[in-house]
Amino acid sequence: MPFRLLVPLGLLCALLPLHYGAPGPDGTAPDPAHYSFSLTLIDALDTLLILGNVSEFQRVVEVLQDNVDFDIDVNASVFETNIRVVGGLLSAHLLSKKAGVEVEAGWPCSGPLLRMAEEAARKLLPAFQTPTGMPYGTVNLLHGVNPGETPVTCTAGIGTFIVEFATLSSLTGDPVFEDVARVALMRLWESRSDIGLVGNHIDVLTGKWVAQDSGIGAGVDSYFEYLVKGAILLQDKKLMAMFLEYNKAIRNYTRFDDWYLWVQMYKGTVSMPVFQSLEAYWPGLQSLIGDIDNAMRTFLNYYTVWKQFGGLPEFYNIPQGYTVEKREGYPLRPELIESAMYLYRATGDPTLLELGRDAVESIEKISKVECGFATIKDLRDHKLDNRMESFFLAETVKYLYLLFDPTNFIHNNGSTFDTVITPYGECILGAGGYIFNTEAHPIDPAALHCCQRLKEEQWEVEDLMREFYSLKRNRSRFQKKTMSSGPWQPPTGAGTFSSPESQDQMREKPAKQKVPLLSCPSQPFTSKLALLGQVFLDSS
């Protein structure tokens, strides 16, 4: 298992300066926007358990309970806070008992990490209070959405909540989280073009597309990922049907020789013949829907790029077979390794282990520094940048380890499990089938059924709640709504929740479309690259 060489050399050493809030390698103070809520600690916490470091997991849980405070005047990315903080806390909460943490009565329906996750998620809810139900990209954790906040959000920043928020609703019993996530997903579905594609950035106030380049990479990627993973986690046929419709359009308009290009969302004409490293998640996603042959062909295309440079450049010009100017770096992203792990579990093909070996050797040889692993600034000459992204610990390390560890508890096939007594009855946990969020935080799908009452009781409660909300909606007409008063209410009117089937019916009557789509002036090639390249430079 070659990856075991990587663990003692750098992982815990890399965590220590971040753990204690120490200055960075250049002597500067930590960034308050990240260190204020111990981002890296939360992001790397479940990695510790997967690697078998139970004592460190336990210690970090204590540190988080003593130090995390979300009542801070910080402008935070809604997307990043959800996938890293909410997702990381939920995963750690559900893995706490396995890690030997003493859990409180009622777990997994209660617990300090769950309360932290809920608190963090509530800080994000004001972002969803828009006419469309699609969230702003940034929210102030203390004051809500800033008055001058831009309404333009990327597609992934709107459609990447259902895994974490549905889990949170199931564990806490508060439906608001899953509700807002579903509304955002449906708004994107309703906004797709006549040829079935979505753009890259949209105005959340008007529902008009601002960037019309369509692809599977930066700014769009995890929207597609969460349709599939949300469908599996929630056993939701509608979400899967939505993805399969997108998949048809993606194959028809963006796939060329098992590469995926960027095209204009209304016409399907190629706008950028570029492969982005973030797109390397796609073969893994294909494997989840059983499309193994196509997944392997695309994976092998991406692997040739890795072998060419010893890593995946952020942008790779497919016709020229080389990097794109100012996009030559590799911040140790996990996507290709993630796909290798999924495909190896599905096929056992030794080629996938070869990628893992190459990744270990490249990371060790090129990016290892005194106490951590540095971002590769330029793959052409292997110059390093003075930073290490938290997703390296949360994702890259984790997926590499799992690729080489077939007996890890994450890979459980249901042969073993734990029985837990909750306030709602007996519950089975740890039987496998974990769903990774887009930051590689595993969610036990069985946990979503642990905190729900028996069906007979649930029906009675639902009848009471329908009556309650009916009265509440009538009352709310006479009350002034503010950002801080009352629970979130889904937007109403034309275009409010509809299934793929009903949406197809709406397409036959374009005159009734509530939100017309605007065309953007065409951008020069370099401007498009700059726009897309800046979407998630600090995340995967």
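Residues numbered from 1 in each chain as written. Predicted model: local features only at pLDDT ≥ 70, side-chain atom pairs only at ≥ 80, totals over all residues. Heavy atoms only, no water.

Naming follows an unreviewed UniProt entry, where the protein chain appears as alpha-1,2-Mannosidase of Canis lupus familiaris. UniProt, in the comment section headed Sequence similarities (unreviewed entry), describes the protein chain in these words: "Belongs to the glycosyl hydrolase 47 family." Looking at the protein chain in UniProt, the text filed under Subcellular location (unreviewed entry) is "Endoplasmic reticulum". (UniProt positions renumbered as here; feature names shortened; annotations may be inferred.)

Chemist: Which residues make up the sheet that holds strand β10 (residues 270-272), and what values go with them?
Modeler: In space, the three strands of this open sheet follow the order β6-β9-β10, with antiparallel pairing throughout. The open sheet is flanked by β6 (213-214) and β10, the only strands paired with a single partner. Two elements, strand β9 (residues 262-264) and β10, share two bridges in a ladder whose sense is antiparallel. Considered in β10, the bridge of V263 is made with V270. (Pairing = 2+ DSSP bridges. Helix = DSSP H or I, 4+ residues; strand = E, 2+ residues; numbered from the N terminus.)

Chemist: So what's going on with the nonpolar core? Which residues, and what values?
Modeler: If you look at the biggest cluster of nonpolar residues, it comprises 154 residues, and the most contacted ones within it are F57, F165, Y223, F224, F275 and W282. Here the element with the most residues in this core is helix α5 (residues 78-95); it accounts for ten residues. Among residues more than four places away in sequence, those in contact with F57 are L45, D46, L48, L49, A92, S96, A99 and V101. (Core = buried A, V, L, I, M, F, W, Y, C linked by side-chain atoms within 4.5 Å. Buried < 20%, exposed > 50% of the residue type's maximum accessible area, 1.4 Å probe, protein only. Contact = heavy atoms within 4.5 Å.)

Chemist: Please give an account of the packing of helix α8 (residues 162-172) against helix α10 (residues 221-234) that cites residues and values.
Modeler: The relative placement of two packed helices is expressed as an angle between their axes plus a distance between the axes. The contact between α8 and α10 brings their axes to 9 Å, and the two run at 25 degrees. In terms of orientation, α8 and α10 fall into the roughly parallel class. Of the residues in α10, those touching α8 at I162, V163, E164, A166 and T167 are Y226, K229, G230, L233 and L234. Classifying every residue of the contact of α8 with α10 gives six nonpolar, two polar and two charged. (Axes fitted to C-alpha atoms, helices over the stretch in contact; angles between N-to-C directions. Parallel < 35°, antiparallel > 145°, perpendicular 65-115°, else oblique. Nonpolar A, V, L, I, M, F, W, Y, C, P; charged D, E, K, R; others polar.)

Chemist: Tell me about the sheet that holds strand β12 (residues 315-317), and name the residues and values.
Modeler: A sheet is described by the order of its strands in space; here three strands give the open sequence β11-β12-β13, paired in antiparallel fashion. Of all the strands in the sheet, the pair left with one neighbour each is β11 (274-276) and β13 (322-323). Sheet topology places β12 next to β13; two bridges connect them, and they run antiparallel. What sits directly across from Y316, in β13, is T323.

Chemist: Can you lay out the environment of E119 for me, pointing to particular residues and giving the numbers?
Modeler: With respect to the helices and strands, the residue E119 is situated in helix α6 (residues 112-124). Accessibility expressed as a relative area gives 31% for E119, which makes it partly exposed. Between the C-alpha atoms of E119 and D69, which are 50 residues apart in sequence, the distance is 9.4 Å. Not counting residues within four places of it along the chain, the set of residues in contact with E119 comprises F70 and D71.

Chemist: Quick rundown of the state of the cysteines? Include the residues and the values.
Modeler: The tally for this structure, following the rule as stated, stands at two disulfides. Across a sulfur-sulfur distance of 2.1 Å, C109 and C451 are joined as a disulfide pair. Judged by the sign of its S-S torsion, about -100 degrees, the bond between C109 and C451 is left-handed. A residue pair is termed long-range when its members are at least 10 positions apart, and C109 in the loop between α5 and α6 and C451 in the loop between β21 (442-443) and α17 (455-476) qualify at 342 residues. Here the two residues C109 and C451 agree in accessibility, since each one is buried. Here C427 connects covalently by a disulfide to C450, the sulfurs 1.6 Å from one another. Highlighted residues: C427 in strand β19 (residues 425-429) and C450 in the loop between β21 and α17, separated in sequence by 23 residues. Given the relative accessible area of 5%, C427 is considered buried. (Disulfide = S-S within 2.5 Å.)

Chemist: Give me the lowdown on the packing of α6 against α8, citing residues and values where you can.
Modeler: Closest axis-to-axis distance for the α6/α8 pair is 11 Å, and the angle between their directions is 125 degrees. In terms of orientation, α6 lies oblique with respect to α8. In this structure, α6 crosses over α8, and the sense of that crossing is left-handed. Between α6 and α8, the residues in contact are L114, A117, E118, A121 and L124 and F165, L168, L171 and T172, respectively. (Left-handed = near helix turned anticlockwise from the far one by under 90°.)

Chemist: Could you give an account of unusual backbone geometry, with specific residues and numbers?
Modeler: Between W107 and P108 the backbone carries a cis peptide bond, its omega angle lying at 10 degrees. Of note, P108 is situated in the loop between α5 and α6.

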